[in-house]
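# Residue-level structural notes
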Amino acid sequence: MSINWLRVVFPSIIKLPPPLPLRYSSPSSCSCFSSVVVAMSYDKELTAAKKAASLAARLCQKVQKSLLQSDVQSKNDRSPVTVADYGSQALVSFVLQQEFPAEFSLVAEEDSKDLRKDGAQELVDRITKLVNDSLASDESYSVTLSTEDVLKAIDSGKSEGGSQGRHWVLDPIDGTKGFLRGGQYAIALALLDRGKVVLGVLACPNLPLTPINDQHSPNNEVGCLFFAEVGGGSYMQPLDSSSTVKVVMICYNFIAIDQSKYLQLIHLFGIQVQVSGIENPEEASFFESYEAAHSMHDLSSLIAQKLGVKAPPVRIDSQVKYGALSRGDGAIYMRLPHKG
């Protein structure tokens, strides 16, 4: 891969003007790039969080693929998402405990109570196999977990958190209905330090790398990993990227690049993202929850009409919409819950 249009410089060597956010725009191009490796006070924690969320996302992808390929499935059968929920939490818990054995606290959704009941062994065995397969694919940990190891990892998410010390907070699968439908869902992980959020990672296995409203894009690659540290900006890279380098892309004369270079940059380093700068409602697109039960679509439509928004709403499941908004795919998000 040719990257002669990219050079890496360090702040200690050269001082550069404040970075302009890099945004994909087709079919323009730009050849003047530099990048600055940004030092972070939570480097190790962010690296571990990205690995944990990525492994959990791989497990969920495998379960969802199996679900969608199944010839027989009940609309009321929630066992696939149950497997993915437990497996996702077990993986995240295991990775974080391996990386931070002396200071580990996880606030999560699941516990092993139901999995320890009579008749649940087949489900537990399936979860255990998925967890071990995911760990083996990463090759970072030479270990095979027993069913009891997996159950203990799930139960490690029972912390109550608090304003003292560090606490990880996990939603192993956000967007259950989207997951079952084959749509959008996310694995959301954050770290609190003395009561304040200091970093966050959002794995979106089905979100395209290019803007979701770009209907002319020939690229159909999906799987995004968003990550951010307090005071350090927000970034995106492919879910399957092995890069652990965080960069700020700087373009002196342009803020738009062609798609091929945009995708190369994402795969190499990840890119800084920025919300939409559109101020005219007529040019804006707006997001809302996919499920009508989560938001009053009729009222959202009426508000959009009053504002002069011309584009139809983009309906997305789960916290994936926040990732898409953070990179400028949409300019407005409306969630108007029903009463009660």
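None of these values were measured; they are calculated from a predicted model.

### Some points on the sheet that holds strand S5 (residues 166–174)
Spatially, S4-S5-S6-S7-S8-S9-S12 is the arrangement adopted by the seven strands of the open sheet, whose pairing is mixed. Unpaired on one side and paired on the other, strand S4 (106–107) and strand S12 (271–272) mark the two borders of the sheet. With seven bridges joining them, strand S6 (residues 186–193) and strand S7 (residues 196–208) adopt antiparallel strand pairing. Bridge pairing in S7 places Leu-189 opposite Val-201. Its contacts with the sheet place helix H1 (residues 43–69) against S5, S6, S7, strand S8 (222–229) and strand S9 (234–238), and it is angled at close to 30 degrees to S7. In the packing of helix H2 (residues 79–99) onto the sheet, the strands contacted are S4, S5 and S6, and the crossing angle to S5 comes to about 155 degrees.

### A closer look at the UniProt feature "binding site: Mg(2+)" (unreviewed entry) in the protein chain
Under the present numbering, the feature "binding site: Mg(2+)" (unreviewed entry) in UniProt falls on Glu-109, Asp-171, Ile-173 and Asp-174. For this annotated set, covering 66 residues, all C-alpha atoms fall within 10.7 Å of each other, a compact arrangement in space. Not counting residues up to four positions away in its chain, the partners in contact with Glu-109 are Asp-85, Gln-89, Leu-170, Asp-171 and Pro-172. Inspection of the secondary structure puts Asp-174 in strand S5. The residues touching Asp-174, leaving out its near neighbours within four places in the chain, are Tyr-185, Ala-186, Ser-318 and Gln-319.

### Re unusual backbone geometry
Despite not being glycine, Arg-194 shows a phi value in the positive range, around 55 degrees. Take Arg-194: it is sitting in the loop between S6 and S7. Owing to a relative accessible area of 60%, Arg-194 belongs among the exposed residues under this scheme. Located in the positive-phi region is Ser-318, a residue other than glycine, with phi close to 65 degrees. Judged by relative accessible area, Ser-318 falls into the buried class, the value being 13%.

### Examining the nonpolar core
Val-131, Leu-135, Trp-168, Phe-179, Ile-187 and Leu-189 are the most contacted members of the largest nonpolar core, which totals 53 residues. Breaking this core down by element, the ones donating at least two residues are H1, H2, helix H3 (121–138), helix H4 (147–155), S5, S6, S7 and S8. Looking at this core, the element that brings in the most residues is H1, giving eleven residues. One finds Leu-202, Met-236, Val-320 and Ala-324 within the second-largest nonpolar core, a separate group that totals 15 residues.

### Notes on the environment of Val-201
Within the secondary structure, Val-201 is located in strand S7. Take Val-201: its relative accessible area is 4%, and that puts it in the buried class. Sequence-wise, Val-201 and Phe-226 are 25 residues apart; in three dimensions their C-alpha atoms are separated by 5.7 Å. Other than its neighbours up to four places away in sequence, Val-201 contacts Leu-46, Ala-49, Lys-50, Ala-53, Ile-187, Ala-188, Leu-189, Leu-225, Phe-226 and Phe-227.

About the criteria used
- Residues numbered from 1 in each chain as written.
- Predicted model: local features only at pLDDT ≥ 70, side-chain atom pairs only at ≥ 80, totals over all residues.
- Heavy atoms only, no water.
- Pairing = 2+ DSSP bridges.
- Helix = DSSP H or I, 4+ residues; strand = E, 2+ residues; numbered from the N terminus.
- Contact = heavy atoms within 4.5 Å.
- Axes fitted to C-alpha atoms, helices over the stretch in contact; angles between N-to-C directions.
- UniProt positions renumbered as here; feature names shortened; annotations may be inferred.
- Buried < 20%, exposed > 50% of the residue type's maximum accessible area, 1.4 Å probe, protein only.
- Core = buried A, V, L, I, M, F, W, Y, C linked by side-chain atoms within 4.5 Å.

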